[in-house]
Amino acid sequence: MQFGIRRTGTPVARWAIFCLCALLLSGCGTSKESLPEPDNTAPDYSGIVLEDDGIALTDAEREALFSQGELDRGLSQADLMEVQKYFKFYVHGNRRTIELNLLRSRPYFAYARKVFREKGLPEELACLAYVESGYNPTAVSRSKAMGMWQFMSATGRQYDLAQDWWMDERLDPYKATRAAADYLAELYDLFQDWHLAIASYNAGPGKMSRALEGTGEEKFFSVCRNNDVLDEKRKLKPETMQYVPRFLAMCKIMRNAEALGFAPAEPRAEDLVSAPVRELRARPNTDLAAFAGALGMSWAEFSAYNPAFKRYITPPNRPVSVYVPYHVEARADKLLRDGKLTGRGWSTYTIARNDTLGKISVRTGVPVSVLRQANPRCEPLKIGKKLRIPGTGKGGESMLASASAPAKSAKAVPAKAAPAKQTVTRASKGSKPAAVAAASKKSAPAPAAGKSGSGKGSAPDSKSRSHKVRSGDTLASIAREYGISLTAMRDANSHLDDPHRLTVGQKVNVPKRSGSAEKSKSVMYTVRSGDTLWSISRRFNTSPGEIRSMNKLTGNTVRPGDALRVAVN
């Protein structure tokens, strides 16, 4: 995400550049009245190096530039001059873009600060989402990074952001924020320096490690000043070199927004998403369209709170988080617990002669695996039997019309699953319509775990154990300690009022891994060319800190040929 501009000689040229920059940095709006039409393109900062605009700072601007927080203290004069270029660009020439980003961040900025604070991280890391996406929860980059925190698919999965036919949790602004905090904490654990950790969020830890090794430097700005001595494999891209100073400029602006004439990023009544948002748990196969209708919300309004959902139905194999306005929490919770939501998000397909699940998949646009999930007793296929078809959540208010064999609908590539070429034959003479209908009904899903209200945990069952929370513990760190997924930890502790806010001495449930996976083991690993402590930890599903501890390492440097003992999780 590179960005840069040179001052041009004519007012027309300067105005054209200003409009282009505003377009690139703008995104999907959250205010009904104040924001422009949605644009889900993530900011693109490609271009030539930014130069100082030559405009003198006012007293308020100078005071803001020299202000210091946890992440921008101790900058040298040369470092500060680099930050000043981006500070002046935002404050002088791009004020409208900053205003739009501030409007868009209203529902999320305070939450992001809270997440970083509760994880023991600097609160100003919340400003990184301004650089990544302009706080656009549905932003998509040219490289297919998605969401407010611009997770690539593989990295998102490493931090338990589910991505499947049903939903993409990289677009969940709350889960993605928690995942970004965990990722940044791991990067800091690796580099022990916030500027290097933040640069690695953009470039990747391997790239940053190679640049440090190639220059022999220990600080981000020093690496940038020596970037020309590196070969192409180790050299930092202009986008990464600009990433940290742009972030620090945003920290200074946000810290002094009111003094600089910007409206603070506080929620307002006209926002489409109103904070505080309430997080509830929805059972598998919950009809979200019916749920939204029962709350008096249009699908567009519901989707603004829940951009991760691709369908009108929740996944059939797991409970998921659903977000609602705080003033409807009690009603929404009752609707989800009653489990009687049905009708609006489903359509039906009547099986015809010679149908196969593959043919039905093409007609309905639903993968074969999903057809089986939604209709677990559908095979063998019988003429006249009705299948439930989950509706898509994309495309506004319309629901899928009831499908039938002769009807044509958008084609979709069937999922690669078990063979689906079972042709329908005529139903036996003894078959009755009532029996066919009964066979197609899906049994009700098991009730989702309720909240205890105490937040003190509950006794673990035979498939879990208890962990006493220590200072600095989070669900993510506990999950890593026991070698299980963060999703499994959340599901095992759904009884907590807030599983993301733990207190020292509190007991949480830790689900056991099955089979031989329960026994932890370690192996000896020989470092290869290009390896970093981070890449090795990812390969073995462990953490850089654990590798350092097991091998009594004091730094982060590893060299080809080094023998390391690594825990295998």
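Residues numbered from 1 in each chain as written. Predicted model: local features only at pLDDT ≥ 70, side-chain atom pairs only at ≥ 80, totals over all residues. Heavy atoms only, no water.

Student: What am I meant to see in the packing of helix α8 (residues 173-191) against helix α22 (residues 544-551) here?
Tutor: When two helices pack together, their arrangement is given by the angle between the helix axes and the distance between those axes. Two elements in contact, α8 and α22, have axes whose closest approach is 8 Å; the angle formed by their N-to-C orientations is 30°. Contacts from E186, D189 and L190 of α8 reach α22 at P544, G545 and R548. Classifying every residue of the contact of α8 with α22 gives 2 nonpolar, 1 polar and 3 charged. (Axes fitted to C-alpha atoms, helices over the stretch in contact; angles between N-to-C directions. Helix = DSSP H or I, 4+ residues; strand = E, 2+ residues; numbered from the N terminus. Contact = heavy atoms within 4.5 Å. Nonpolar A, V, L, I, M, F, W, Y, C, P; charged D, E, K, R; others polar.)

Student: I keep staring at the pattern of salt bridges and nothing clicks. Help me out?
Tutor: Any two side chains of opposite charge can pair if their charged atoms end up close together. In the structure shown here, the tally under the stated rule is 22 salt bridges. Salt-bridge contacts for R318 lead to D164; the nearest nitrogen and oxygen are separated by 2.9 Å. You can see R318 sitting in the loop between α14 (299-305) and β2 (320-325) and its partner D164 sitting in the loop between α7 (153-158) and α8, a full 154 residues away along the chain. A single network of salt bridges, built from pairs that share partners, joins D72, E124, K252 and R255. (Salt bridge = Lys/Arg side-chain N within 4 Å of Asp/Glu carboxyl O.)

Student: Hey, could you run me through the side chain of D172 in this one?
Tutor: Positionally, D172 belongs in the loop between α7 and α8. Buried and unpaired, D172 has K175 as its nearest opposite-charge partner, separated by 5.2 Å. From its side chain, D172 meets the backbone nitrogen of Y174 in a polar contact 2.9 Å long. The contact partners of D172, leaving out residues within four places of it in the chain, are A308 and Y323. (Buried < 20%, exposed > 50% of the residue type's maximum accessible area, 1.4 Å probe, protein only. Lys, Arg positive; Asp, Glu negative; His and termini not counted. Polar contact = N/O pair within 3.5 Å; in protein donor to acceptor, adjacent residues only side chain to side chain.)

Student: How should I be thinking about the nonpolar core in this particular structure?
Tutor: Nonpolar side chains in soluble globular proteins tend to end up buried together. Grouped together as the largest cluster of nonpolar side chains are 106 residues, with contacts concentrated most on W149, Y201 and F247. Here this core gets 10 residues from one element, more than from any other, and that element is α8. With near-sequence residues (within four places) excluded, Y201 lies in contact with L128, E132, W149, F151, A180, Y183, L184, L187 and Y243. Listed in part, the 17 residues of the second largest apolar core include W166, V368, L381 and I389. (Core = buried A, V, L, I, M, F, W, Y, C linked by side-chain atoms within 4.5 Å.)

Student: In this structure, what is going on with the packing of aromatic side chains? I would like to understand it.
Tutor: Two descriptors summarise a pair of aromatic rings, namely the distance from one centre to the other and the angle between the planes of the rings. Scanning all chains against the criterion turns up 18 aromatic pairs. Relative to W149, the ring of F116 lies with its centre 5.9 Å away and its plane at 70°, an arrangement referred to as edge-to-face. Residue F116 is found in helix α5 (residues 109-118), and its partner W149 is found in the loop between α6 (128-133) and α7; the two are separated by 33 residues along the sequence. Both residues of the pair, F116 and W149, belong to the buried class. With centroids separated by 5.3 Å and ring planes inclined at 45°, the aromatic side chains of Y183 and Y201 adopt a geometry described as tilted. Of this pair, Y183 sits in helix α8 while Y201 is found in helix α9 (residues 194-203), placing the two residues 18 residues apart along the sequence. Across the pair, Y201 and Y183 agree in class, each one buried. Among the aromatic side chains, those forming a connected cluster through ring pairs are Y108, Y111, Y174 and Y323. In this structure, R311 packs its charged tip against the face of W165, placed 3.7 Å from the ring centre. (Phe/Tyr/Trp six-rings, centres within 6.5 Å; stacked < 30°, edge-to-face > 60°. Lys NZ or Arg CZ within 6 Å of the ring centre and 35° of its normal.)

Student: Quick question: what am I supposed to make of the confidence of the model for the protein here?
Tutor: Low-pLDDT portions of the prediction should not be read for the details of their coordinates. When the pLDDT values of the protein are averaged, the result is 78; 73% of them are 70 or greater. Here residues 425-459 is a poorly scored stretch, pLDDT under 50, and it has 49 contacts once near neighbours within four places are set aside; other chains count. Note that pLDDT drops below 50 for residues 515-519; the model gives that stretch 3 contacts with residues more than four away or on any other chain. (pLDDT = per-residue confidence, 0-100.)

Student: What's the story with helix α10 (residues 205-215) in this structure? I'm lost.
Tutor: Each α-helix turn comprises 3.6 residues. Residues three or four places apart therefore point the same way. Counting buried positions over the 11 residues of α10 gives 8, a clear majority of the element. Taken together, the buried positions of α10 are occupied by P205, G206, K207, M208, S209, A211, L212 and T215. Directly after α10, the chain includes G216, whose backbone phi takes a positive value near 75°.

Student: So what exactly am I meant to see when it comes to the packing of α9 against α10 here?
Tutor: Where α9 meets α10, the axes come as close as 7 Å, and the angle between the chain directions of the two elements is 125°. The orientation of α9 relative to α10 falls into the category oblique. Contacts between α9 and α10 involve L196, A199, S200 and A203 from the first element and P205, K207, M208 and L212 from the second. (Parallel < 35°, antiparallel > 145°, perpendicular 65-115°, else oblique.)

Student: So what exactly am I meant to see when it comes to the environment of A110 here?
Tutor: With respect to the secondary-structure elements, A110 resides in helix α5. As for A110 and A275, which are separated by 165 residues in sequence, their C-alpha atoms are 9.1 Å apart.

Student: Looking at this model, I keep getting lost on unusual backbone geometry. Mind explaining?
Tutor: Note: most peptide bonds trans; most residues except glycine with negative phi. Of note, the amide linkage connecting E379 to P380 takes the cis form, showing an omega dihedral of 5°. Relative to the helices and strands, P380 resides in the loop between α17 (368-374) and β4 (386-390). Positive phi values are uncommon outside glycine, yet K144 reaches one of about 70°. Considering the arrangement of structural elements, one finds K144 in the loop between α6 and α7. Here the phi dihedral of Q150 falls at roughly 55°; this positive angle occurs in a residue that is not glycine. For Q150, a relative accessible area of 9% translates into the label buried.

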